[in-house]
Amino acid sequence: MGYTKFGEFMRIQRIKNHEVMGDTAKLLDVKLPFVSTVESGKRNVPEEWVSILIEHYNLNSEEQVELREAIEHSKTQVKINLASANNTQRRLAVQFQRSFEKLDEDTAAAIIDLLNKEDD
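Overview of the structure. Only a predicted model underlies this, so the values are computations on that prediction, with no experimental measurement involved.

Here is what the cut-offs are and how they apply
- Residues numbered from 1 in each chain as written.
- Predicted model: local features only at pLDDT ≥ 70, side-chain atom pairs only at ≥ 80, totals over all residues.
- Heavy atoms only, no water.
- Helix = DSSP H or I, 4+ residues; strand = E, 2+ residues; numbered from the N terminus.
- Rg over C-alpha atoms; globule rule 2.2 N^0.38 Å.
- Buried < 20%, exposed > 50% of the residue type's maximum accessible area, 1.4 Å probe, protein only.
- Contact = heavy atoms within 4.5 Å.
- Areas by Shrake-Rupley, 256 points an atom, 1.4 Å probe, with all protein chains shown as cover.
- Lys, Arg positive; Asp, Glu negative; His and termini not counted.
- Charge placed at Lys NZ, Arg CZ, Asp CG, Glu CD.
- Core = buried A, V, L, I, M, F, W, Y, C linked by side-chain atoms within 4.5 Å.
- 1 Å grid on protein atoms, 1.4 Å probe; cavity = no way out; pocket = protein on both sides within 12 Å on 5 of 7 lines; lining within 4 Å.
- Points joined across faces, edges and corners; volume = space filled by probe spheres on them.
- Nonpolar A, V, L, I, M, F, W, Y, C, P; charged D, E, K, R; others polar.
- Arc of directions from axis to C-beta.
- Salt bridge = Lys/Arg side-chain N within 4 Å of Asp/Glu carboxyl O.

**Here we look at the overall build of the chain**
Right, on to step 1. Of regular secondary structure, the chain possesses 7 helices and 0 strands.
Right, on to step 2. Its helices and strands in sequence order give the chain the pattern α-α-α-α-α-α-α, from N to C terminus.
Right, on to step 3. The C-alpha atoms of the chain give 18 Å as radius of gyration, which overshoots the globular expectation for 120 residues (14 Å, by more than 25%).
Right, on to step 4. Referenced to the eigenvectors of the C-alpha coordinate spread, the extents of the chain come out at roughly 50 × 30 × 30 Å.
Right, on to step 5. For the chain, the residues scored as buried account for 28% of the 120 residues in total.
Right, on to step 6. Sequence-distant contacts, at least 24 apart, represent 56% of the contacts inside the chain between residues at least 6 apart.
Right, on to step 7. When the accessible area of the chain is evaluated, it comes to approximately 9,300 Å², of which 50% is carbon and sulfur surface.
Right, on to step 8. In the chain, the 16 positive side-chain charges and the 21 negative ones have mean positions that sit 9 Å from each other.

Given below as structure tokens:
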């Protein structure tokens, strides 16, 4: 079974703290298969887990950044709120969703560069 960056992070924390996945499930008040599903990347990490993990493992600021980055790299789905989007933005979001899996790396990089120019 493959693990995401979040799964790897959690395995390291459990080893450091002499815990097993069942301990994590109890800590997070979920069933063990759900923890496994999240760590293997089949589900996103629930947002409410972050503060629980930070407190339980007493993560320093560097480890907190590592946890957040691991969660970001492990996301399998992203939601876009279209409530205040105009028609063009809605069309863009839908078209991007349809085309996403077909994007080659160069095109994806070009889109990132274009969007980053908007931030400048």
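**Overview of the nonpolar core**
Right, on to step 1. Among the nonpolar cores identified, the biggest contains 18 residues, and Phe6, Trp49, Leu53 and Leu67 are the most heavily contacted of them.
Right, on to step 2. Secondary-structure elements contributing two or more residues to this core are α1 (5-16), α2 (21-28), α3 (32-39), α4 (48-56) and α5 (61-74).
Right, on to step 3. The greatest single-element share of this core, amounting to 4 residues, is contributed by α4.

**Concerning the layout of surface pockets**
Right, on to step 1. The volume enclosed by the largest pocket comes to roughly 540 Å³.
Right, on to step 2. Taken together, 17 residues line the largest pocket, and the ones lying closest to its centre are Val78, Ile80, Phe96, Gln97 and Phe100.
Right, on to step 3. Sorting the residues of the lining of the largest pocket by element identifies α6 (87-99) and α7 (105-119) as the ones contributing at least two each.
Right, on to step 4. For the lining of the largest pocket, the leading source of residues is α7, giving 5 residues.
Right, on to step 5. When the residues that make up the lining of the largest pocket are grouped by side-chain class, the tally is 12 nonpolar, 4 polar and 1 charged.
Right, on to step 6. There is about 280 Å³ of room inside the second largest pocket.

**Regarding α2**
Right, on to step 1. Listing the buried residues of α2 in full gives Met21, Thr24, Ala25 and Leu28. Down the axis, α2 shows its buried residues gathered within 100 degrees of arc, on one side only.
Right, on to step 2. Tucked into the core, α2 has its buried residues touching α1, α3 and α4.

**A short note on the environment of Phe9**
Right, on to step 1. For Phe9, the position within the fold is in helix α1.
Right, on to step 2. The spacing of Phe9 and Ala109 is 100 residues in sequence and 27 Å in space, taken between C-alpha atoms.
Right, on to step 3. Among all residues touching Phe9, those that are not within four sequence positions of it are Leu59, Glu63, Glu66, Leu67 and Ala70.

**Observations concerning the pattern of salt bridges**
Right, on to step 1. Going through the model one piece at a time under the given rule, you end up with 3 salt bridges.
Right, on to step 2. With a shortest N-O distance of 2.8 Å, Arg14 and Glu39 are connected by a salt bridge. Placement of Arg14 in helix α1 and of Glu39 in helix α3 is noted, with a sequence separation of 25 residues between them. Accessibility assignment for this pair places Arg14 and Glu39 in one class, buried.
Right, on to step 3. The partner of Glu63 in a salt bridge is Lys16, with the nearest N and O atoms 3.8 Å apart. Residue Glu63 is located in helix α5, and its partner Lys16 is located in helix α1; the two are separated by 47 residues in the primary sequence.
Right, on to step 4. Exposure remark for Glu63: the relative accessible area of 19% places this residue in the buried category.

So yeah, pure geometry; function would need other evidence.
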